[in-house]
Amino acid sequence: MGGGVGAALLVPAARLVGHAVGRVVVSSPTDPIDAIAADQVGDLPVRVPLVAASVRDAYASTANVVLGAAWLRRGQDGQIAALSSVCPHKGCAIGFAEGAKRYECPCHSATFDLDGNRLSGPAERGLDPLPVVIERGRVKVTWVRYQNGGADRKPA
Ligand code: FES
C-alpha cells in the first residue's frame, strides 16, 4: 500500500517539474503598448521604446520590461505608422540617417526608405510593420518579434 501512495504523489510532482523544463515559458503581452503622444509624431521618424507593464514567465511576473523599439512616422496621408527597429537580416538595431532620409543598419549596411521598403544590402525584406492604434491622442503599438532572415515575414 505504501508503494501505491508514493507513486500517487510522485506522478503529479514529476508532471510539475516536466512542465517547467523544456518548454517555452515566457509570455509577452499582446496588448497595445502606450508609446507617445500622437502630436509628437511628425513626418520624420521618431524612435520609441516599447515597455510592457508586466511580463510573466513560469515563476514570476516582472514589471516594466523593454520588449523592443519602434520607429513611428506620420505619412503623407496623415496616418501614423510603426516599423520595428529590429533589422530583418540578423536582428541588429536599425538607425535613421536624417541627411539621407533613410533607415540604416550598422551591422551589414542594409538600407530602407522612409516607408521601410528595402533599398540595398543583405536584408531580404523591408522593415517589419507593427500594428498601431490611436486612443485619446496617444499612439499605442503592439510589439511583434519576427524571425530574422528570409523574404517572408513570420512571427518568431
Ligand atoms: S543585421 Fe542588419 S544588415 Fe545585417
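To start, this report covers the structure provided alongside it. Bear in mind the structure is a predicted one, so any value in this text is a computation, not a measurement.

**Concerning the sheet that holds strand β1 (residues 33-37)**
Phase 1: The strand order across the open sheet formed by three strands is β1-β11-β10, and the pairing between neighbours is antiparallel. Since the sheet does not close on itself, it has two edges, and those belong to β1 and β10 (132-135), each with one partner. Pairs of neighbouring strands in the sheet enclose a mean axial angle of 35 degrees, with direction left out of account.
Phase 2: Looking at chain direction, β10 and strand β11 (residues 138-141) are connected through four bridges and run antiparallel. Residue pairing for β11: Val132 is matched across the bridge by Val141.

**Observations concerning the environment of Val132**
Phase 1: You can see Val132 is positioned in strand β10.
Phase 2: For the pair Val132 and Trp143, spaced eleven residues apart in sequence, the C-alpha separation works out to 9.6 Å.
Phase 3: Ignoring any residue separated from it by four or fewer positions in sequence, one finds Val132 in contact with Ile80, Ala81, Ala82, Val139, Lys140 and Val141.

What counts and how
Residues numbered from 1 in each chain as written. Predicted model: local features only at pLDDT ≥ 70, side-chain atom pairs only at ≥ 80, totals over all residues. Heavy atoms only, no water. Pairing = 2+ DSSP bridges. Helix = DSSP H or I, 4+ residues; strand = E, 2+ residues; numbered from the N terminus. Axes fitted to C-alpha atoms, helices over the stretch in contact; angles between N-to-C directions. Contact = heavy atoms within 4.5 Å.

Just geometry here; none of it tells us what the structure is for.
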